[in-house]
Amino acid sequence: MQGRTKLNVGDILAKKGKEKISVLTAYEYSTARICDSAGIDILLVGDSAGMVVLGHANTVPVGMQEMMIFCGAVARGTKRAMIIGDMPFGSYQVGPSVAVENAVQLIKAGCDAVKLEGGSEIIDTIKAIVVAGIPVMGHIGLRPQTSSLWEGYKLQGRTKEGAIKLIEDASVLEKAGVFSIVLEMVASEAVDAITKSVSIPTIGIGSGPSCDGQVLVLHDMLGIYQDIRPKFVKRYAELSKEIFDAVSSYNHDIKTGMFPEEANTFHMDAKELDEWKNERRI
Ligand code: KIV
């Protein structure tokens, strides 16, 4: 890796079976910088931005315009991590040519690869993006973009039939050329079988320890929403409380005159001030 810091598809593929792959979502410059310098391998600019950043109830309303802004900001804050841009709902369902155009836009915004939700039903679209030279990450199991419209957010691969369908989807995705696959909310026994059945890395969220890597939504693991605690999330901080306490102290200090202090205050040049005082007879 001498002379090159940015991780690419080859680096990610080489980790399978050797080193677990760390993935976090990122949506903007400041936190992307922190995650990148902490050594996270992949920053996923997820359409979960629609929920955790924009306050929508699900990911469906997110569009390309918003994703382009998030992707650009993350790219500007990232030196080492691979950046994956999530293709939002509506940006690839129309068909392969529209999907390729939108994938190109995400790459131009600074992403190194794109991610699409779906299995065998979107295989022509995935192939078209790969043929265009753009690395693709697949996403099967729970698919938030459409799950909210059909059966809600439910554990996938709980039945033998469900597990076999996921293994088939993973195989079709691998043959279509994806370089890794997100498995969302899949029963861990099924995940184990899927991960062993493909030669590309699997990245799990809510899918147990067998995956080749793990992804979490940044806001979930940092505890930015105190009331949202999915079972599969491990909280590494309680930032909601920390931010609340800091903002409350700031509010208190302003109301009581404790901020700004002398240390936070700028002064005029002393000679200029004297002259000015004399002129004004202060
Ligand atoms: O949008 C997102 O954050 C995702 C991850 C949960 C995998 O797709």
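Scroll up to find the structure.
One structure accompanies this document, and this report is about it. The residue numbering used here restarts from 1 in each chain and proceeds along that chain's sequence as written. In keeping with the predicted nature of the model, local features appear solely for residues at pLDDT of at least 70, side-chain atom pairs appear and are counted solely at 80 or more, and the whole-chain, interface and lining totals rest on all residues. Hydrogens and water molecules were not included; the side-chain quantities draw on all heavy atoms of the structure.

**Side note on the environment of K271**
(1) Moving on: Among the structural elements, K271 can be located in helix α12 (residues 270-280).
(2) Moving on: Along the primary structure K271 and T195 are separated by 76 residues, whereas in three dimensions their C-alpha atoms are 74 Å apart. Secondary structure elements follow DSSP: runs of H or I of four or more residues count as helices, runs of E of two or more count as strands, with numbering from the N terminus.

**Details of the packing of helix α6 (residues 123-131) against helix α8 (residues 160-176)**
(1) Moving on: Axis separation between α6 and α8 bottoms out at 9 Å; the angle between their running directions is 30°. Here α8 runs roughly parallel to α6, going by the angle between their axes. For α6 against α8, the interelement crossing comes out right-handed. Taken together, the residues of α8 that come into contact with α6 (itself represented by I123, I126, K127 and V130) are V172, L173 and A176.
(2) Moving on: Within the contact of α6 with α8, the residues separate by chemical class into six nonpolar, no polar and one charged. A fitted line through C-alpha atoms serves as each axis, taken over the contacting stretch for helices, and the angle formed by two N-to-C directions is quoted from 0 to 180°. Should an angle fall under 35 degrees it is taken as roughly parallel, and over 145 as roughly antiparallel, whereas 65 to 115 is taken as roughly perpendicular and any remaining angle as oblique. If you view the pair so one helix is near and one far, a crossing is left-handed when the near helix is turned anticlockwise from the far one by less than a right angle, and right-handed when it is turned clockwise. The contact rule is simple, with two residues in contact once any of their heavy atoms fall within 4.5 Å. Residues are grouped as follows: Ala, Val, Leu, Ile, Met, Phe, Trp, Tyr, Cys and Pro are nonpolar; Asp, Glu, Lys and Arg are charged; all remaining types, including Gly, are polar.

**What to know about the site of the ligand**
(1) Moving on: Any residue with a heavy atom positioned within 4 Å of a molecule or strand is treated as near that molecule or strand. Neighbouring the ligand are T25, L44, G46, D47, S48, D86, K115, H139, V182 and I205.
(2) Moving on: Here a polar contact is taken to be a pair of N or O atoms separated by no more than 3.5 Å, where protein atoms must pair a possible hydrogen donor with a possible acceptor and residues adjacent in sequence count only if both atoms sit in side chains. Measuring from an oxygen atom of the ligand, one finds a side-chain N or O atom of D47 at 3.0 Å.
(3) Moving on: Here an oxygen atom of the ligand and a side-chain polar atom of K115 are 2.9 Å apart.
(4) Moving on: About the coverage of the ligand: the protein hides 95% of its 260 Å² of free accessible area. Using a 1.4 Å probe, the Shrake-Rupley method yields the accessible areas, and only the shown protein chains count as cover for residues.

**A closer look at helix α11 (residues 239-255)**
(1) Moving on: Take the residue count of a helix, subtract one, and multiply by 1.5 Å to get its expected span. Given a rise of 1.5 Å per residue, 17 residues ought to cover 24 Å, and the 24 Å separating the end C-alpha atoms of α11 matches this to within 8%.
(2) Moving on: Positive backbone phi, at 75°, marks G257, one or two positions downstream of α11.

**A few points about the environment of V182**
(1) Moving on: Relative to the helices and strands, V182 is located in strand β6 (residues 180-184).
(2) Moving on: Buried residues are those whose accessible area, probed at 1.4 Å on protein chains only, stays under 20% of the maximum for their type, while exposed residues exceed 50% and partly exposed ones sit between those limits. For V182, a relative accessible area of 3% gives the class buried.
(3) Moving on: Once the C-alpha coordinates of V182 and M137 are considered, the two residues, 45 residues apart in sequence, prove to be 7.2 Å apart.
(4) Moving on: For V182, the residues in contact, after removing those within four places along its chain, are K115, M137, G138, H139, I140, I203 and I205.

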